[in-house]
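Chains, contacts and geometry: an overview
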Amino acid sequence: MNYLNENIDSLNKKLQDGEITAEDLAKATVKNIKETDKKINAWITVDEDAKPAEDLDFAKNKLAGIPIAIKDNIITNGMKTTAASHILYNYMPVYDATVISKLKKAQATFVGKTNMDEFAMGSSTEHSYYGATHNPWNLDKVPGGSSGGSAAAVASGEVVAALGSDTGGSIRQPAAFNGIFGIKPTYGRVSRWGLIAFGSSLDQIGVMSKRVKDSAEVLNVIAGPDEHDATVSEKEVPDFTSFLGQDVKGLRVAVPKEYMDAVDGEMHDVIQKQIDVLKDAGAIINEVSLPHTKYVVPTYYIVASSEASSNLQRYDGIRYGYRAKDTKNLLDVYVKSRSEGFGEEVKRRIMLGSFALSAGAYDEFFKKAAQVRTLICRDFEKIFEENDVIVGPTTTEPAFGIGEEVSDPIKMYNNDLLTISANLAGIPAASVPAGLVDGMPAGFQIMAKRFDEGNVFKVADFIERNNKFYEKTPTGMED
Amino acid sequence: MKITKDEINHVAALSRLEFGEDEIDKFTEQMGDIINMAHQLAEVDTEGVPETVQVVDRETDFREDKPEHWESRAELMKNVPEKADGFIKVPVIIDKDDNE
């Protein structure tokens, strides 16, 4: 079963009408993944015996019997979870992340875990212990990252929707590179309990799907308070599908000049075209400035790496995961297990974080970054006083070639220029396909005030209805 | 800002990581570049600006520190790399060589 021309509604109808059983759907999905993945390597673990939940209620649960892909940093009871790291090569969780419990309650089917950059640190899915994922639009290109496996699985039609996580753009950048929709909800909208921690003040689980509505359906299920995560808001969760199908007349749309200046040529044109469509439909377009944009990359890398260096202390080779052989004392177990278990990029981030937090460097680096973060938040607050959404490109360029940037960390970090502000400010942000640039997909980014995913969905759905990008088939999937 | 090999070795020790001689030179150079990029923030005026370390919309939620019963000890021990008699096995704290 290939999902290129399916969505949650179409599958739900087929299941309700008895046109296909959920058992057969699970089997057909796994069979197609096995075949398609020879080309794209989007999965780390595929459950060959995947089965639907029992007593499926298709009328009550939209997701009943529908296979959803899960990024491999979200823990799944009894299904190996590696975060694409050697250090967790055999880790078998004994409980479910909250988002998994919620999907189980909604009777979704689980078929496996998707590839990613190790511990979600990367923008290309090349930093995976389990090999790089290939972009379904051009197999020689990266799918972006870190949720590159989830994005490629959706874009290639292996599944209809996937969970990803976004610390600095890890849902939106791969969504843009693969020509699909992806949303990072507000920080505090979705529980992080059971998400393998990277940067705890930035991490957020979100959804990726070909169609905007499918992400709204999945977000409806996974959002909301959780006794295990005290950072989740107790605000009421609206029905996100209720924001679809609306017009954008009178909507106040801010376009940061720093974002438009970051793109040129075809990329600029394809983004400008989406803005023009909004304008023609009656939206009010305001040019604005995000003056600290040039500082977001260093701010983010200090904050995220500092949090990571602290979060990744737990990998010591004692209670779970990889333990080095031939060690002579306890300290040696820690040092050797970590040095052999972590990949290069993860080590770089731990080192940067330890440095930024160390005596003598703290004020100049960590504290400074935390202060600049305040200024970045203020830039957004000011814009949202007079605007409903902020739009612009998701990335400066479309997908780059596999191997092209992997040896140059700074070049790789700059990929996140346009996405990381949303994480620093904790606001919701999504990427919806805008069109093709040199034959590769380009993403249109939409951000809104905290807890206003509604306006993000409203604009994304309007853009989707207008450009109908979903009608295109990824060029790398044609034989 | 110049980052030296000694500084990298110090940070590696703090991070419980070690690098081979061949790796350390490349790492020192890369870390130097990254730290220099981070150092750009020095030019931002942050006089009197408070720090943002979290973006949460609610107060810290205190709960009772109450242990809960977990059904299966064996299940909890499932991922332990080395164990004996239901305990986690770790090597000696001082060197094995000194101990023998």
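In the block above lies the structure referred to throughout.
Structure report, in brief. All values derive from a computational prediction rather than experimental measurement. (Residues numbered from 1 in each chain as written. Chains lettered and ligands numbered in written order. Predicted model: local features only at pLDDT ≥ 70, side-chain atom pairs only at ≥ 80, totals over all residues.)

**A closer look at the overall build of chain B**
A count of helical and extended segments in chain B gives 4 helices and 2 strands. Ordered by position from N to C terminus, the α and β elements of chain B give α-α-α-β-β-α. In terms of overall dimensions, chain B is more spread out than a globule: its C-alpha atoms have a radius of gyration of 23 Å, far above the 13 Å expected for 100 residues. Along the first, second and third principal axes, the C-alpha atoms of chain B reach 60 × 50 × 20 Å. (Helix = DSSP H or I, 4+ residues; strand = E, 2+ residues; numbered from the N terminus. Rg over C-alpha atoms; globule rule 2.2 N^0.38 Å.)

**Examining the overall build of chain A**
Counting its secondary structure elements, chain A contains 15 helices and 11 strands. Against the 2.2 N^0.38 benchmark of 23 Å for 479 residues, chain A shows a C-alpha radius of gyration of 21 Å, consistent with a compact globule. Each principal axis of the C-alpha distribution contributes one length, and for chain A these read about 70 × 55 × 45 Å. Residues counted as buried form 63% of the 479 residues belonging to chain A. (Buried ≥ 20, exposed ≤ 12 C-beta atoms within 10 Å, placed from the backbone.)

**A closer look at the environment of Ala262(A)**
All names here are of chain A. The residue Ala262 is located in the loop between α7 (257-261) and α8 (265-280) in this model. Assessed through the 20 C-beta atoms surrounding it within 10 Å, Ala262 is described here as buried. Between the C-alpha atoms of Ala262 and Gly392, which are 130 residues apart in sequence, the distance is 9.9 Å. With near-sequence residues (within four places) excluded, Ala262 lies in contact with Pro393, Thr396, Leu417 and Leu418. (Contact = placed C-beta atoms within 7 Å.)

**Some points on the environment of Val335(A)**
On the secondary structure map, Val335(A) appears in helix α10 (residues 330-341). For the pair Val335(A) and Ala324(A), spaced 11 residues apart in sequence, the C-alpha separation works out to 8.9 Å. Leaving out residues up to four positions away in the same chain, Val335(A) has contacts with Arg16(B), Leu17(B) and Glu18(B).

**Topic: the sheet that holds strand β6 (residues 204-209) of chain A**
All names here are of chain A. Reading across from one edge, β1-β3-β2-β4-β6-β5-β10-β11-β9-β7-β8 is the order of the 11 strands in this open sheet, with mixed pairing throughout. In the strand order of this sheet, the two ends are held by β1 (43-46) and β8 (284-288), each with one partner. Taken pair by pair, the neighbouring strands of this sheet meet at an average axis angle of 30°, ignoring direction. (Pairing = 2+ DSSP bridges. Axes fitted to C-alpha atoms, helices over the stretch in contact; angles between N-to-C directions.)

**Regarding the interface of chain B and chain A**
Listed as interface residues are 46 residues of chain B and, on the opposing side, 54 residues of chain A. Mapped by element, the contributors of at least two residues to the side of chain B that touches chain A are α1 (5-14), α2 (21-39), α3 (73-76) and α4 (96-99) of chain B. In terms of residue class, the side of chain B that touches chain A is made up of 25 nonpolar, 8 polar and 13 charged. (Nonpolar A, V, L, I, M, F, W, Y, C, P; charged D, E, K, R; others polar.)

**Notes on unusual backbone geometry**
All names here are of chain A. That bond from Gly145 to Ser146 is cis: its omega, 10°, falls within 30 degrees of zero. The residue Ser146 is located in the loop between β3 (109-114) and α4 (148-155) in this model. One non-glycine residue, Ala83, lies in the positive phi region at around 55°. With a phi close to 70°, Ala120 is a non-glycine residue in the positive phi region. Secondary-structure assignment places Ala120 in the loop between β3 and α4. For Ala120, a count of 30 C-beta atoms within 10 Å corresponds to the buried category.

**A short note on the pairing of β6(A)**
Residues and elements named next belong to chain A. Taken across its 6 residues, β6 has 6 buried, putting it largely inside the fold. Residues Gln204, Gly206 and Met208 point to one face of β6 and Ile205, Val207 and Ser209 to the other, with burial holding for every one of them. Where strand β4 (residues 161-166) and β6 come together, 6 bridges link them in antiparallel fashion. Residue pairing for β6: Leu163 is matched across the bridge by Val207. Bridge analysis of strand β5 (residues 181-184) against β6 gives 3 bridges, and the strand direction is antiparallel. In the sheet register, Ile183 faces β6, and the bridge partner there is Val207.

**Notes on the pairing of strand β9 (residues 389-393) of chain A**
Residues and elements named next belong to chain A. β9 sits mainly inside the fold: 5 of its 5 residues count as buried. Where strand β7 (residues 252-256) meets β9, 2 bridges bridge the pair, whose relative direction is parallel. Bridged to Val253 within β9 is Val389. Bridge count between β9 and strand β11 (residues 440-448): 5 bridges; the pairing is antiparallel. Residue pairing in the sheet places Ile390 in a bridge with Met447 of β11.

**Describing the packing of helix α11 (residues 344-357) of chain A against α2(B)**
Where α11(A) contacts α2(B), the two axes come as close as 11 Å, and the packing angle between them is 55°. Classed by the angle they form, the pair α11(A) and α2(B) counts as oblique. Between α11(A) and α2(B) lies a crossing whose hand is right-handed. Facing α11(A), whose interface residues are Arg348(A), Met351(A), Leu352(A) and Phe355(A), α2(B) presents Gln30(B), Met31(B), Ile34(B) and Ile35(B). Across the contact of α11(A) with α2(B), the residue classes break down as 6 nonpolar, 1 polar and 1 charged. (Parallel < 35°, antiparallel > 145°, perpendicular 65-115°, else oblique. Left-handed = near helix turned anticlockwise from the far one by under 90°.)

**Re helix α1 (residues 8-16) of chain A**
All names here are of chain A. Listed in full, the buried residues belonging to α1 are Ile8, Leu11 and Leu15. Down the axis of α1, the buried side of the element spans an arc of 70°, and every buried residue falls inside it. Buried positions along α1 lie against α2 (22-40), β4 and α6 (212-222). Of the residues one or two after α1, Gly18 is the one with positive phi, at around 75°. (Arc of directions from axis to C-beta.)

**A word on the nonpolar core**
As a rule of thumb, nonpolar side chains are buried together in soluble globular proteins. Residue and element names in this part refer to chain A. With 162 residues, the main nonpolar core has Leu63, Ile68, Ala161, Met208, Val389, Ile446 and Ala460 as its most contacted residues. Sort the elements by how many residues they give to this core and helix α12 (residues 363-386) lands first, with 9 residues. Discounting chain neighbours no more than four positions away, the residues touching Leu63 are Ile8, Ile68, Leu103, Ala106, Gln107, Ala108, Glu217, Val218 and Val221. (Core = buried A, V, L, I, M, F, W, Y, C linked by C-beta atoms within 7 Å.)

**Remarks on the environment of Asn115(A)**
Residues and elements named next belong to chain A. Here Asn115 lies in the loop between β3 and α4. Note: C-alpha distance between Asn115 and Asn12 (103 residues apart in sequence) is 27 Å. Leaving out residues up to four positions away in the same chain, Asn115 has contacts with Asn41, Ala42, Trp43, Ile44, Asp72, Ala84, Thr125, Ser128, Tyr130, Thr133, Gly148 and Gly149.

**Some points on α2(B)**
Compared with the 27 Å implied by 1.5 Å per residue over 19 residues, the 27 Å span of α2(B) between its first and last C-alpha is a close match. Along α2(B), the residues classified as buried are Phe27(B), Gln30(B), Met31(B), Ile34(B), Ile35(B) and Ala38(B). In this structure, the buried side of α2(B) is in contact with α9 (296-311), α11, α12 and α13 (409-413) of chain A together with α1 of chain B. (Expected span 1.5 Å × (residues − 1).)

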